[in-house]
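# Structural overview
Here are the chains, one letter per residue:
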Protein chains: 4
Amino acid sequence: MGHLTADPEALLKRVRRIAGQVAAIERSIESRAECGAILHLVAAARGAMSGLLDEIVEAHIHEHLAKPGLSDDDRAKAAQEVIQAFRRYSK
Amino acid sequence: MGHLTADPEALLKRVRRIAGQVAAIERSIESRAECGAILHLVAAARGAMSGLLDEIVEAHIHEHLAKPGLSDDDRAKAAQEVIQAFRRYSK
Amino acid sequence: MGHLTADPEALLKRVRRIAGQVAAIERSIESRAECGAILHLVAAARGAMSGLLDEIVEAHIHEHLAKPGLSDDDRAKAAQEVIQAFRRYSK
Amino acid sequence: MGHLTADPEALLKRVRRIAGQVAAIERSIESRAECGAILHLVAAARGAMSGLLDEIVEAHIHEHLAKPGLSDDDRAKAAQEVIQAFRRYSK
């Protein structure tokens, strides 16, 4: 089990909040809300998703790359995972 | 009714796909999946959200800022909405 | 002459500061500085460049898209320019 | 001496190209170029700076975080440097 799921409650709460934001976007489109309002909801949900990704990448660097005692293979794998997340970020 | 909700089906499909990605993140945390897998899911969902925001901002610029015949107030309001989405983007 | 160059001094000062940051990166590589120091300089210069782009895009939206009295062609051209800058931003 | 400066020529070439882009922005403002042209130059320079930062962060992760044989202190320091660059990225 990884560090992310050692204490999943806080992370789950955050993910469920984002799920709520996405559901709000869906309702706003179904109810033919004003474009400016929909734009604002999407920008806010994207910001929340970026914040979640920030937190997960940082935890991943600490737990699976920098932490003493990891195997060289563990570190190489985690390096690839962080770099891929980072590349998506700059896309 | 705005341009976004003139033909909402395509947009709704895209938002529901993102809702599915967020639900998959939730399940992966609940089932104590491997951190690398969770990181990948979150990076992908954020990428999808960014793509959605791109599309909505572009449509908003065309429909509520550049389109002939809009009132000065409409344009001023849309300018503020686009700039706020843009600022969130660079945060 | 556009709005950007109506009062170019402030903008020039900002661009010259970024030029100074880029020159500092060059010197740090030539003098075989420590990688962490070079990484920090590049991240800072990129942040300054993002800030400059933010400011220029916002001014462009106000002056060439939302401002009363512009021609439809002017607005269409400016819309394209802002969207292209925005797309690069999300790359 | 770090990995970045083990073979500095390629990196220097890239930084000097960015310096040239920044100088071109300066000239375009001084010569009262059209706003759309200035916007394009700045967006392109920012894109080049982002690409440089991508490359340096990736190399830093490989060389100072994941590489076998590093000390725990080296890894902890590099973790902090990558996270700070990453945070600036999402700002």
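Quick notes on the rules
- Here the residue index of a chain counts from 1 through its sequence in written order.
- Labels are handed out in written order, letters beginning with A for the chains and numbers beginning with 1 for the ligands.
- Reporting in this predicted model follows two pLDDT cut-offs: at least 70 for local features of residues, and 80 or more for side-chain atom pairs to be given and counted; totals over whole chains, interfaces and linings ignore these cut-offs and use all residues.
- Calculated side-chain values reflect all of the structure's heavy atoms, with hydrogen atoms and water omitted.
- Secondary structure follows DSSP: runs of H or I at least 4 residues long count as helices, runs of E at least 2 residues long count as strands, and numbering of each begins at the N terminus.
- C-alpha atoms define the radius of gyration, and 2.2 Å times the number of residues to the power 0.38 defines the globule rule.
- When a residue's accessible area, from a 1.4 Å probe over protein chains only, is under 20% of the maximum for its type it is buried; when over 50% it is exposed; and in between it is partly exposed.
- By the convention used here, residues are in contact when the closest approach between their heavy atoms is within 4.5 Å.
- In this tally, Asp and Glu contribute negative charge and Lys and Arg positive charge; neither His nor the terminal groups of the chain are included.
- We put the charge of a Lys on NZ, of an Arg on CZ, of an Asp on CG and of a Glu on CD.
- Residues reaching a pLDDT of at least 70 in both copies supply the C-alpha atoms on which the copies are superposed by least squares.
- Only the stretch in contact is used when fitting a helix axis, every axis being a line fitted to C-alpha atoms; angles between N-to-C directions are given from 0 to 180 degrees.
- Working definition: roughly parallel below 35 degrees, roughly antiparallel above 145 degrees, roughly perpendicular at 65 to 115 degrees, and oblique for all remaining angles.
- Crossing handedness follows the turn of the near helix against the far one: under a right angle anticlockwise gives a left-handed crossing, and clockwise gives a right-handed one.
- Following the grouping adopted for this structure description, the nonpolar residues are Ala, Val, Leu, Ile, Met, Phe, Trp, Tyr, Cys and Pro, the charged ones are Asp, Glu, Lys and Arg, and the polar ones are all others, Gly among them.
- Salt bridges, as used here, are contacts in which a Lys or Arg side-chain nitrogen is within 4 Å of a carboxyl oxygen on Asp or Glu.
- When two parts are brought into contact, each loses some accessible area as probed by a 1.4 Å sphere; the total of that loss over both is the buried area.
- pLDDT measures how confident the predictor is about each residue, on a scale from 0 to 100.
- Here, expected helix span is obtained from the residue count minus one, scaled by 1.5 Å.
- Under the rule applied, a polar contact is a pair of N or O atoms within 3.5 Å (in protein, one hydrogen donor and one hydrogen acceptor; residues adjacent in sequence only if both atoms are side-chain atoms).

### Topic: the overall build of chain A
Of the regular secondary structure elements, chain A holds three helices and zero strands. Reading the helices (α) and strands (β) of chain A from amino to carboxyl end gives α-α-α. Relative to the globule expectation of 12 Å for 91 residues, the C-alpha radius of gyration of chain A, 17 Å, shows a markedly less compact shape. Buried positions account for 51% of the 91 residues belonging to chain A. Across chain A, contacts joining residues at least 24 apart in sequence account for 45% of those joining residues at least 6 apart. For chain A, the centre of its 13 positive side-chain charges and the centre of its 13 negative side-chain charges are spaced 5 Å apart.

### Re the relation of the copies chain B and chain A
Put simply, the two copies of the chain differ by a rotation about an axis and a shift along that axis. The operation relating chain B to chain A is a screw motion whose rotation component is 180°, with 0.0 Å of axial translation and a residual RMSD of 0.0 Å. Such values leave the two copies arranged in the relation of a two-fold axis. The fraction of interface residues of chain B whose copies in chain A are also interface residues reaches 100%, indicating that both copies meet through the same surface.

### Points about the packing of helix α1 (residues 8-30) of chain A against helix α2 (residues 35-66) of chain A
Residue and element names in this part refer to chain A. Packing of α1 against α2 brings their axes to within 10 Å, and their N-to-C directions diverge by 160°. For the element pair α1 / α2, the angle class is roughly antiparallel. The handedness of the crossing between α1 and α2 comes out as left-handed. Side by side, α1 and α2 meet where Leu11, Arg14, Val15, Ile18, Gln21, Ala24, Ile25, Ser28 and Ile29 of the first sit next to Ile38, Leu41, Val42, Ala44, Ala45, Ala48, Met49, Gly51, Leu52, Glu55 and Ile56 of the second. Considered class by class, the residues forming the contact of α1 with α2 number 15 nonpolar, three polar and two charged.

### Structural notes on the pattern of salt bridges
Inspection of the entire model under this criterion finds 24 salt bridges over all chains. Between Glu81 of chain C and Lys77 of chain C there is a salt bridge, with the nearest N and O atoms lying 2.8 Å from each other. With Glu81 of chain C and Lys77 of chain C both in helix α3 (residues 72-89), this residue pair falls four residues apart, about one helical turn. For Glu81 of chain C, a relative accessible area of 16% puts it in the buried group. The partner of Lys77 of chain C in a salt bridge is Glu34 of chain D, and the shortest N-O contact between them spans 3.0 Å. Taken as a pair, Lys77 of chain C in helix α3 and Glu34 of chain D in the loop between α1 (8-30) and α2 (35-66) lie in two separate chains rather than in one. What makes Lys77 of chain C partly exposed here is its relative accessible area of 41%. Residue Glu34 of chain D is classed as partly exposed on the basis of its relative accessible area of 46%. Among the ionic contacts, a cluster of salt bridges with common partners joins Arg16 of chain A together with Glu26 and Glu30 of chain B.

### What to know about the interface of chain B and chain A
In this assembly, 44 residues from chain B lie in contact with 44 residues from chain A. Roughly 4,000 Å² of surface becomes buried between chain B and chain A when both sides are summed, with 75% attributable to carbon and sulfur atoms. Contact with chain A buries surface across chain B, with Cys35, Leu39 and Arg46 of chain B losing the most and accounting together for 19% of the total. Connecting chain B to chain A are six salt bridges. Here Arg16 of chain B and Glu30 of chain A are joined by a salt bridge, their closest N and O atoms 2.7 Å apart.

### Things to note about the environment of Ile61 of chain B
Inspection of the secondary structure assignment puts Ile61 of chain B in helix α2 (residues 35-66). Sequence separation between Ile61 of chain B and Val82 of chain B is 21 residues; the distance between their C-alpha atoms is 7.3 Å. For Ile61 of chain B, the contacting residues outside a window of four places in its chain are Ala66 and Val82 of chain B together with Leu65, Ala79, Val82 and Ile83 of chain C.

### Observations regarding the confidence of the model for chain A
Here chain A shows a mean pLDDT of 90. Residues at 70 or above account for 90%. Per-element mean pLDDT across chain A ranges from 89 in helix α3 (residues 72-89) of chain A up to 96 in α1 of chain A.

### Quick look at unusual backbone geometry
Residues and elements named next belong to chain A. In this structure, Arg32 takes a positive phi of about 50° despite not being glycine. Structurally, the position occupied by Arg32 is in the loop between α1 and α2. Classification of Arg32 as partly exposed rests on a relative accessible area of 38%.

### Notes on α1 of chain D
End to end, α1 of chain D covers 33 Å across 23 residues, agreeing with the expected 33 Å (1.5 Å per residue, within 8%). Turning to α1 of chain D, its buried residues are Pro8, Leu11, Leu12, Val15, Ile18, Val22, Ala24, Ile25, Glu26, Ser28 and Ile29 of chain D. Structurally, α1 of chain D contributes buried residues whose contacts are with α1 (8-30) and α2 (35-66) of chain C together with α2 of chain D. Positive backbone phi, approximately 55°, marks Arg32 of chain D, located one or two places after α1 of chain D.

### Points about the side chain of Arg75 of chain A
Looking at the secondary structure, you find Arg75 of chain A in helix α3. The charged side chain of Arg75 of chain A is buried without a salt bridge, its nearest counter-charge being Asp72 of chain A at 4.7 Å.

### As for the side chain of Glu81 of chain B
At 2.7 Å, the side chain of Glu81 of chain B forms a polar contact with the side chain of His60 of chain B. What Glu81 of chain B contacts, discounting residues up to four positions off in sequence, is Gly36 and Leu39 of chain A together with His60 of chain B.

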